[in-house]
Amino acid sequence: MRYFKLLGQSKAQDSDNTLLTANNIPAEFLCHAIFAGDKFHDVEAAYGRVEGVVKTATGYCGGNIRKPPYREVSEGRTGHTEAVKITYDKRVVSYTSLCDFFWEIHDPTNKHFLNFGLSTHLRSAIFCSTEEERKQAQESKIRRQMKLNRRILTKITPFSKEINCEFFLAENQHQKYYLQKYYKLCQSLNLRSTQQFVDSYIACKFNGVLALDGELILDKLPQLSTTCLLPKQCRSTCDEIIQDLKRSLISHTS
């Protein structure tokens, strides 16, 4: 598995929450991309570790009803796909690079993606908003296919309201799934609502790190804590997580 380095220091003051958004990046440099690769929790976490990705959101794409609930989506009744919407700084990472990374975080040859009926919300797909995106995604797919001995089953699909293909946010409990396991950390970052989890740059990065195995968390979490200006309570909570992980790893090896 390849791990992309985290972004560097964010502009923020210790006393407020301006670090929780990507509003300091000029809008003309922000772009969006939508990927679906099996469970959206893992796709969101993986892209959260990519340098240049500043926001992530889990949601549902395609389908035949508006704002579908997870239960109906997971039962295969709405035609939606679990997907992740990524906001990225095009000065730092390209759409092509995001497509190339996509093949590394799931198995696009999994025959499960050909199933119909129950669980068809778990698919491999790239949703493209422009012809240029479609072209870059297709070229990336071809490059990957040439390295494999199995057929890639990923669908490259047009995305626009005009063809009734929209992205709907998933419920709060599905945003930043791995970060939300650490409720004290969420509390220290003042993250409560769905939109706060979606808009938070630092939540994006924390979620990516906390989805890793214990030893990798111990390696990456201190790095994240020192390169971003975090509220004092948040730094203290990170230290507690690190100490708990160290004790857990020691107990498992003893």
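Residues numbered from 1 in each chain as written. Predicted model: local features only at pLDDT ≥ 70, side-chain atom pairs only at ≥ 80, totals over all residues. Heavy atoms only, no water.

A. A look at the packing of helix α1 (residues 40-48) against helix α7 (residues 201-210). Two numbers describe how α1 lies on α7: the axes approach to 7 Å, and their chain directions differ by 110 degrees. Relative to α7, α1 is oriented roughly perpendicular. Together, Glu 44, Ala 45 and Gly 48 of α1 and Cys 204, Lys 205, Asn 207 and Gly 208 of α7 make up the contact between the two elements. Of the residues contributing to the contact of α1 with α7, the split by class is 2 nonpolar, 3 polar and 2 charged. (Axes fitted to C-alpha atoms, helices over the stretch in contact; angles between N-to-C directions. Helix = DSSP H or I, 4+ residues; strand = E, 2+ residues; numbered from the N terminus. Parallel < 35°, antiparallel > 145°, perpendicular 65-115°, else oblique. Contact = heavy atoms within 4.5 Å. Nonpolar A, V, L, I, M, F, W, Y, C, P; charged D, E, K, R; others polar.)

B. The pattern of salt bridges, seen in detail. Within this structure, the stated rule accounts for 11 salt bridges. Two residues, Lys 184 and Glu 240, come together in a salt bridge whose shortest N-O distance is 2.9 Å. Linking Lys 184 in helix α5 (residues 183-188) with Glu 240 in helix α9 (residues 232-253), this pair joins segments that are 56 residues apart in sequence. We classify Glu 240 as partly exposed; its relative accessible area is 36%. A salt bridge links Asp 244 to Arg 247; its shortest N-O distance comes to 2.3 Å. Placement of both Asp 244 and Arg 247 in helix α9 is noted, with a separation of 3 residues, approximately one turn of the helix. (Salt bridge = Lys/Arg side-chain N within 4 Å of Asp/Glu carboxyl O. Buried < 20%, exposed > 50% of the residue type's maximum accessible area, 1.4 Å probe, protein only.)

C. Molecular detail of the sheet that holds strand β5 (residues 155-158). Spatial strand order, β5-β4-β1-β3-β2-β6: 6 strands in an open sheet with mixed pairing. Of all the strands in the sheet, the pair left with one neighbour each is β5 and β6 (167-169). The sheet shows a mean angle of 35 degrees between the axes of neighbouring strands, taken without regard to direction. Sheet topology places strand β1 (residues 30-37) next to strand β4 (residues 124-128); 4 bridges connect them, and they run antiparallel. Across the sheet, residue Ile 34 finds its bridge partner in β4, namely Phe 127. (Pairing = 2+ DSSP bridges.)

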